[in-house]
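Geometric and topological summary
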Amino acid sequence: MFTRTDALRLDDACTLKHKRAAFSIPEGMIYLDGNSLGVLPASAMTRVKRTVEIEWGQDLITSWHKHGWGELPQKAGDKIARLIGAEAGSVVVTDTISINLFKVLSAAVAKRPGRKIILSDSGNFPSDLYVAQGLCSFMADGHELRVVEPEEVYNAITEDVCVVMITETDYRSARRHNMKEITAKAHEKGCLIIWDLAHSAGAVPGQLMDVNADFAIGCTYKYLNGGPGSPAFVFVNPRLQNEILPALVGWWGHAQPFAFEQNYVAAQGITRMQVGTWPTISMQALDAALDVWADIEMVDVYAKAQKMCALFVELAEARCGAHGVTLYGSRDFAHRGSHVCLRHTQAYAIMQALISRRVIGDFRAPDMMRFGFAPLYNSYVDVWDAVEVLRGVLDGGLWDVEEFRERKAVT
Ligand SMILES: *Cc1c(COP(=O)(O)O)cnc(C)c1O
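Residues numbered from 1 in each chain as written. Predicted model: local features only at pLDDT ≥ 70, side-chain atom pairs only at ≥ 80, totals over all residues. Heavy atoms only, no water.

1. Some points on the domain arrangement of the protein chain
Per the domain assignment, the segments of the protein chain are domain 1 (4–31 + 297–405) and domain 2 (49–293). For domain 1 versus domain 2, the distance between C-alpha centres works out to 30 Å. With 26 residues of domain 1 in contact, the opposing surface of domain 2 contributes 19 residues. Interface area for domain 1 against domain 2, summed over the two sides, is near 1800 Å², with a carbon-plus-sulfur share of 63%. Connecting domain 1 to domain 2 are 1 salt bridge. Viewed at the interface, domain 2 and domain 1 are joined by 8 residue pairs in polar contact (both at pLDDT 80 or more). For the side of domain 1 that touches domain 2, the elements supplying multiple residues, two or more each, are α11 (298–320), β12 (339–343) and β15 (368–372). If one sorts the elements of the side of domain 1 that touches domain 2 by residue count, α11 sits on top with 5 residues. Its residues assigned to classes, the side of domain 1 that touches domain 2 shows 15 nonpolar, 6 polar and 5 charged. (Domains from an automatic or database assignment. Contact = heavy atoms within 4.5 Å. Buried area = accessible area lost by both parts, 1.4 Å probe. Salt bridge = Lys/Arg side-chain N within 4 Å of Asp/Glu carboxyl O. Polar contact = N/O pair within 3.5 Å; in protein donor to acceptor, adjacent residues only side chain to side chain. Helix = DSSP H or I, 4+ residues; strand = E, 2+ residues; numbered from the N terminus. Nonpolar A, V, L, I, M, F, W, Y, C, P; charged D, E, K, R; others polar.)

2. Observations concerning the pairing of β15
Across the 5 residues of β15, 5 count as buried, placing the element largely inside the fold. Neither face of β15 is open: one carries M368, R370 and G372, the other M369 and F371, and all of them are buried. The loop that links strand β14 (residues 362–364) with its antiparallel partner β15 comprises 3 residues. (Buried < 20%, exposed > 50% of the residue type's maximum accessible area, 1.4 Å probe, protein only. Pairing = 2+ DSSP bridges.)

This is the structure in structure tokens:
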């Protein structure tokens, strides 16, 4: 039987173990929510302090040149590009996922006149579906969002579809779509494709250029540890960059922003995806956070993610299964993301009991406890200890108290 000593041994042999020291993890906390808000890298803390005290505090407007504020969206974008299988110059950091989705979706729809269907699936993150619904009702010309089951996506790609809009890694089940097959089918049918990498970037190996994806979007506050509300990224395949025009444009995407011309002329390349001024403090935090990844290969990250998830499920089923805890979603550990959802009728209260004992995951309606495993800072011992705390909460019925049943607004 697997023991805590075995977990310690796995940690000792892990090639990523030195990375944990790059993060500021609160003492005594087992943080398993890096898929929702990554922990603070020490480099980001230093950079924010410098940005506030020196760049904002002393150098003020001269910082645009002196401290390279103007290049941050592209510079951070290039660091992310390497992790998601894209090339330098094809990713820019700006806005939020939802806004970036609006931009690429509007640009893609305009490239396929005559086709009226935007295709997505029921496993997609609701905000993505809302953005598509909003765009359809704004256009008011018969465009329509078609939502199918995740297993039906491949067959639902037909010649009336203008854009396929899919999230690679499901935020609940962790199931990964086959990017290669779906992208190829989309192109075969003449559709454009947008991949949402929110739960993929920093967790699974990138393959955007390998599969010849058209567009991708993703956020930076999850596995990339950019900090609360840090700006998102958008990828446009170089072959399309100068061929598209989003419905939302602004001066930072203009060919000459400081010419202050009255008419919009799109910048060349990925720059045209920029709209307005970015949150510089947040952008600096992200840029510094991304340096932690400079010597990392995503295959190593993914290998550890798969092992941690498989171990967590194995231990949870063996030690907590009798209490009615079951796995939600994919058991295919070779093809899934880096988080695990466990179901239980009292999932909300159990998660509150875990959080009060410093094991931090989150709750997803209606009955899921979600645990994210960030291979750069989570250890195999974290996995072991978290299951032990869960077992203790269940064995002792420690979740069954009034304070753990009250729902908070952010779960
Ligand atoms: C987290 C997440 C988002 C969040 O979008 P924001 O606009 O950045 O808040 C979008 N899509 C998916 C799939 C997500 O997991």
